[in-house]
Amino acid sequence: MSMKERPSFPARLDFSVGKPKASRPVSGGVAHGAGAARQAVRQPAGAPSQGHGMDSSAVRMNMVQKLAGQGITDALVLSAMGAIERHRFVDSALVNQAYEDTSLPIGLGQTISKPGVVSRMAELLRNGASGRLGRVLEIGTGCGYQAAVLSLLADEVYSIERLRGLHDKARENLRHLRLANLHLLFGDGMAGYAKGAPYAAIIAAAGGEAVPQAWVDQLAVGGRLVAPVSAGTGSSGKQALMVIDKTAQGLRQTVLEAVHFVPLKSGVA
Ligand code: SAH
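If you're wondering where the values come from, they're calculated on a predicted model, not measured in any experiment.

**Q** Which residues make up the site of the ligand, and what values go with them?
**A** Residues in close proximity to the ligand total 27 residues, the closest being Cys143, Glu161, Asp188, Gly189 and Lys265. The contact in question runs from an oxygen atom of the ligand to an N or O atom on the side chain of Glu161, over 2.6 Å. In the model, a nitrogen atom of the ligand is placed 2.9 Å from a nitrogen or oxygen of the Asp188 side chain. Protein chains bury 99% of the 580 Å² of accessible surface belonging to the ligand in isolation. Those elements that place two or more of their residues in the shell around the ligand are strand E2 (110–112), strand E3 (133–139), helix H5 (145–151), strand E4 (154–161) and strand E11 (262–263). No other element matches the three residues that E2 contributes to the shell around the ligand.

Spelled out as structure tokens, the structure:
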């Protein structure tokens, strides 16, 4: 889909904080792209506020255009990035940075990934699929932003977080979207989530020194895993994006560009 085919969003930039706007129809909802995605964002028409009083659809479309310019071509991914309001997932003090291609703090020493990285990983995960993915497992819910994006790309999303504070925050951040296909779990994602397996795709938002065996075991044949992994041993901190394809003939591993993610940790807190 070319960008020209997209419906135009209100060409209005309004960052005024405080005064809630009069009710307006679904903001940036998936009014384009696959019909399946269209059903997923159920923001009630006439929702009372824009979260932070931000009329963000034009800024978000600008972000989507930049992502396309950076080489993201998957129409469903671009559509999902245009639909989910990232500014609702960050502190009010950071709202005006929400659509910049930058990671931002979300509390407890963790960060929300850059839009460029979220869309890159989502595109890798989809691997050119024509429709939605089946079941997807995300390790590291954080503030819930990427989980919301994934919920528009897959039939079911299981997202697991080891920090109770962030798990609760994600639940709160996601409430307004009422995404019935997104399941938030509190626990140690090192063990994956066997009850939802096998997964068509697994994505990690935190990087360890190796991909846990449980993730590979819980991946369906034909499925794909995308995770940041520390390159080399030790604490050099250098990470690269790793793609593992599980085929009938075995595993195929590809190491891609350098990335910078928070560490994958064991246990819950
Ligand atoms: N996708 C998130 C990114 C959050 S940062 C977002 O959109 O906000 C990565 C998250 O991974 C952190 O919240 C961190 O607590 C979590 N994490 C690290 N190790 C984990 C583990 N073993 N199980 C579950 N979550 C883990």
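**Q** Provide a residue-level description of the side chain of Asp74, including the pertinent values.
**A** Position of Asp74 among the secondary structure elements: in the loop between helix H2 (57–69) and helix H3 (75–83). You can call Asp74 buried: its relative accessible area is 9%. Residues within four places of Asp74 in sequence aside, it is in contact with Glu123 and Arg126.

**Q** So what's going on with the pattern of salt bridges? Which residues, and what values?
**A** For the structure shown, the criterion picks out six salt bridges. Across the salt bridge formed by Arg126 and Asp74, the nearest N and O atoms sit 2.8 Å from each other. Highlighted residues: Arg126 in helix H4 (residues 115–126) and Asp74 in the loop between H2 and H3, separated in sequence by 52 residues. Of the two residues, Arg126 and Asp74, both sit in the buried class. With its nearest N and O atoms 2.4 Å apart, the salt bridge here joins Arg88 to Glu85. Judged by its relative accessible area of 17%, Arg88 falls in the buried class. Counted as one network, the salt bridges with shared partners bring together Arg60, Glu85 and Arg88.

Procedures and definitions
Residues numbered from 1 in each chain as written. Predicted model: local features only at pLDDT ≥ 70, side-chain atom pairs only at ≥ 80, totals over all residues. Heavy atoms only, no water. Near = heavy atom within 4 Å. Polar contact = N/O pair within 3.5 Å; in protein donor to acceptor, adjacent residues only side chain to side chain. Areas by Shrake-Rupley, 256 points an atom, 1.4 Å probe, with all protein chains shown as cover. Helix = DSSP H or I, 4+ residues; strand = E, 2+ residues; numbered from the N terminus. Buried < 20%, exposed > 50% of the residue type's maximum accessible area, 1.4 Å probe, protein only. Contact = heavy atoms within 4.5 Å. Salt bridge = Lys/Arg side-chain N within 4 Å of Asp/Glu carboxyl O.

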